[in-house]
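Inside the fold
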Amino acid sequence: MISIRRFVIVDLDMRLLFLVSLLFFLVPTSTHAAPQEKRAYEELRAKYLTLRNTDNGVQRLDEWASVANGMLGHVSRHPQSENAASLLFDASIVYEKIYQAHGGKERALRAATLLDRLARDYPGHMLADDALVRRGDLSLYVLEDVDAAKRSYQEVIGAYKETDMYPIAQLRLSELKSGSYLLKEQHAEQPRVKREGAPLIVIDPGHGGEDFGAVGHAGMMEKDVALSVALELEKILVAQHGATVRLTRRKDVFVPLMERTQMANDYEADLFVSLHANASPKGNLSGLEVYYLDNQGDRSSKALAERENSSVRFEGPQGDLQYILSDLIQNAKVEESITFANQLHSSVLSTLSPKWKGLKGLGVKRAPFYVLVGAHMPCALVEMFFMNHKSDGKLLADALFRKQIAQGIAQGIGAYLQEHGA
Ligand SMILES: [Zn+2]
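These numbers were taken from a predicted model, which means no experiment stands behind them.

**Here we look at the overall build of the chain**
The helix and strand inventory of the chain stands at 15 helices and 6 strands. Expressed as a percentage of its 422 residues, the buried residues of the chain come to 53%. When the accessible surface of the chain is totalled, it reaches about 19,100 Å², and 55% of it is carbon and sulfur.

In structure tokens:
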């Protein structure tokens, strides 16, 4: 549901933009302010998205700083504009990114201040609750101010009951109480440097934590199947292919979808593989599917994408997706991703088929998965058979079968890299 609606909205926005620009030319005087403001806003946003796509590591610091200044200038010139709050939000992300790349706590503090300002000046805006949770997360994980974090989450609980951020704020507060928020720092253990000459592969075990994914045979959960294959795959890739491997999670924890590709981009990964297991409404479907990202896709692919994407409701600042995911860009790596997906599909089947007869290959398909959006490298999503199919489900419960899937995926990765280089 969410994904389709989003594209419709984007489309509608484009048409509105077109109509508004048309009006701009037809109506000569006094009404210019709004279209001009909108045009300036669109320009800023385009500049910002281009930077995110071409310089995600924030090498060109002055360009990032200039975009942030442009955004804040726009907000002071047009404080009443509906775009002001969005720009404060974007500017805070820019400062946070600059902080992540170059350090300097004052930048993180600046990001936090902008989020405060958004929540204070635009309390009715759709991003106000997102700003507060993001503010809380900054306090907690970067500024190490637990009390400030608590205040931000509590404000969401008090004033934003009906929003998608409400359960997140609740979750964060309970994590604060139990101390389990410390686990989130796990990413820091993995250095963000690439080893010379070795391919870097990011493996993304789908779902995790309170997001179970599909539930199948004997209560088996997709999140556990995905993690178990991921850990096997990591071992094989390191031992047999000399690869550097990063996992988006190594434990049963929740990781937001956008953070997963963000990690792949930050690591400058050569390949990104997201691991999932399928389920069908009636439990009668079986087989292997591999997906690459595309916004077209047939109807059943879309239904699956909706299910996989539904974990966005567990997420943090990404709640108001159609806004934030306008960072969804033309995917320059589609051709490579299709080749990669095909390679994975055939390698997994040829590895498994000698031992397990009658396994089905359902082929390579395209679908709009959030987790593949925004990745700057060839990427694929593997639906490793059907959790709730009688024989597929039984096989997935077998550790040897899962190990062999990992072996097949590793072989596919190896074959792809051999042909295309790292
Ligand atoms: Zn899944």
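**Topic: the nonpolar core**
Nonpolar side chains tend toward joint burial in soluble globular proteins. In this structure, Tyr-48, Met-71, Leu-118 and Tyr-153 are the most contacted members of the largest nonpolar core, which totals 49 residues. At the level of secondary structure, the elements contributing two or more residues to this core comprise α2 (33-54), α3 (61-77), α4 (84-102), α5 (105-121), α6 (128-142), α7 (146-159) and α8 (166-178). Looking at which element gives the most residues to this core, the answer is α4, with 11 residues. In contact with Met-71, not counting residues within four places along its chain, are Leu-44, Tyr-48, Leu-87, Asp-90, Ala-91 and Val-94. Counting residues in each nonpolar core, the second largest holds 43 residues, with Ile-203, Met-220, Phe-340 and Tyr-416 among its members.

**A few points about α8**
What sets the pattern is the α-helix's 3.6 residues per turn: residues three or four places apart point alike. With 13 residues, α8 should cover 18 Å at 1.5 Å per step; its first-to-last C-alpha distance of 19 Å lies within 8% of that length. Those residues of α8 lying buried are Tyr-166, Ile-168, Ala-169, Arg-172, Leu-173, Glu-175 and Leu-176. Following α8 by one or two positions, Gly-179 has its phi on the positive side, about 80 degrees.

**Observations regarding the pairing of strand β4 (residues 288-293)**
When a strand is regular, its side chains alternate between the sheet's two faces. In terms of burial, β4 is a largely internal element, 6 of the 6 residues being buried. Here β4 shows a buried face lined by Leu-288, Val-290 and Tyr-292 and a second buried face lined by Glu-289, Tyr-291 and Leu-293. Sheet topology places β4 next to strand β5 (residues 361-367); 6 bridges connect them, and they run parallel. Looking across to β5, one finds that Leu-293 is bridged to Ala-367. Of the strand pairs in this sheet, β4 and strand β6 (residues 379-386) are connected by 3 bridges, and their pairing is antiparallel. By the bridge assignment for β6, Val-290 is matched with Val-382.

**With respect to the side chain of Glu-234**
Inspection of the secondary structure assignment puts Glu-234 in helix α9 (residues 222-241). By relative accessible area, Glu-234 is classed as buried at 14%. Not counting residues up to four positions away in its chain, the partners in contact with Glu-234 are Ile-203, Val-245, Leu-247 and Arg-250.

**Here we look at the packing of α7 against α8**
Interhelical geometry of α7 versus α8 gives an angle of 145 degrees and a closest axis separation of 8 Å. Crossing geometry of α7 relative to α8 is assigned as left-handed. In this structure, α7 contributes Val-146, Lys-150, Tyr-153, Gln-154, Val-156 and Ile-157 to the contact, and α8 contributes Tyr-166, Ala-169, Gln-170, Arg-172, Leu-173 and Leu-176. Looking at the contact of α7 with α8 residue by residue, the class counts come to 8 nonpolar, 2 polar and 2 charged.

**Let's talk about unusual backbone geometry**
For Glu-268, which is not glycine, the phi torsion reads 55 degrees and is therefore positive. Relative to the helices and strands, Glu-268 is located in the loop between α10 (257-266) and β3 (271-278). With a phi angle near 65 degrees, Phe-385 is a residue other than glycine that sits in the positive phi range. For Phe-385, the position within the fold is in strand β6.

**Comments concerning the packing of α6 against α8**
Relative to each other, α6 and α8 sit at 20 degrees, their axes nearing to 10 Å. Here α6 lies roughly parallel to α8, going by the angle between them. Considering only the axes of α6 and α8, their crossing is left-handed. Across from Val-133, Asp-137, Leu-140 and Tyr-141 in α6, the residues of α8 making contact are Ile-168, Ala-169, Arg-172, Glu-175 and Leu-176. Classifying every residue of the contact of α6 with α8 gives 6 nonpolar, no polar and 3 charged.

**Some remarks on the packing of aromatic side chains**
Evaluated as defined, the whole model comprises 3 aromatic pairs. Linked through ring pairs, Trp-356, Phe-385 and Phe-401 together constitute an aromatic cluster. Taking the ring centre of Tyr-267 as reference, the NZ or CZ of Arg-246 above it sits at 5.6 Å. Directly above the aromatic system of Trp-356 lies the positively charged group of Lys-355, at a separation of 5.3 Å from the ring centroid.

**Section: the sheet that holds β4**
Strand order across the open sheet formed by 6 strands is β2-β1-β3-β6-β4-β5, with mixed pairing between neighbours. Edge strands, defined here as strands with exactly one partner in the open sheet, are β2 (244-247) and β5. Strand-to-strand twist across the sheet, computed as the mean angle between neighbouring axes with direction ignored, equals 20 degrees. With respect to the sheet, α9 is in contact with β1 (200-205), β2, β3 and β6, its orientation differing from that of β1 by roughly 160 degrees.

**Here we look at α3**
For α3, with 17 residues, the first-to-last C-alpha span of 24 Å sits near the 24 Å given by 1.5 Å per residue. Along α3, the positions that sit buried rather than exposed are Trp-64, Val-67, Ala-68, Met-71, Leu-72, Gly-73, His-74 and Val-75.

**Quick notes on the side chain of Arg-402**
Mapped onto the fold, Arg-402 is located in helix α15 (residues 399-420). Among the polar contacts made by the side chain of Arg-402, one reaches the main-chain carbonyl oxygen of Leu-396 at a distance of 2.8 Å. Once residues lying within four places of it in the same chain are set aside, the contact partners of Arg-402 are Val-225, Ser-228, Val-229, Leu-396 and Ala-397.

**As for the pattern of salt bridges**
Counted under the stated rule, the structure contains 11 salt bridges. The residue Arg-45 makes a salt bridge to Asp-90 at a minimum N-O spacing of 2.8 Å. With Arg-45 in helix α2 and Asp-90 in helix α4, this pair connects stretches of sequence that are 45 residues apart. One salt bridge in this structure joins Arg-172 and Asp-137, with 2.8 Å as the shortest N-O distance. On the criterion of sequence distance, the pair formed by Arg-172 in helix α8 and Asp-137 in helix α6 is long-range, its members being 35 residues apart. For the pair Arg-172 and Asp-137, one class covers both residues: buried.

What counts and what doesn't
Residues numbered from 1 in each chain as written. Predicted model: local features only at pLDDT ≥ 70, side-chain atom pairs only at ≥ 80, totals over all residues. Heavy atoms only, no water. Helix = DSSP H or I, 4+ residues; strand = E, 2+ residues; numbered from the N terminus. Buried < 20%, exposed > 50% of the residue type's maximum accessible area, 1.4 Å probe, protein only. Areas by Shrake-Rupley, 256 points an atom, 1.4 Å probe, with all protein chains shown as cover. Core = buried A, V, L, I, M, F, W, Y, C linked by side-chain atoms within 4.5 Å. Contact = heavy atoms within 4.5 Å. Expected span 1.5 Å × (residues − 1). Pairing = 2+ DSSP bridges. Axes fitted to C-alpha atoms, helices over the stretch in contact; angles between N-to-C directions. Left-handed = near helix turned anticlockwise from the far one by under 90°. Nonpolar A, V, L, I, M, F, W, Y, C, P; charged D, E, K, R; others polar. Parallel < 35°, antiparallel > 145°, perpendicular 65-115°, else oblique. Phe/Tyr/Trp six-rings, centres within 6.5 Å; stacked < 30°, edge-to-face > 60°. Lys NZ or Arg CZ within 6 Å of the ring centre and 35° of its normal. Polar contact = N/O pair within 3.5 Å; in protein donor to acceptor, adjacent residues only side chain to side chain. Salt bridge = Lys/Arg side-chain N within 4 Å of Asp/Glu carboxyl O.

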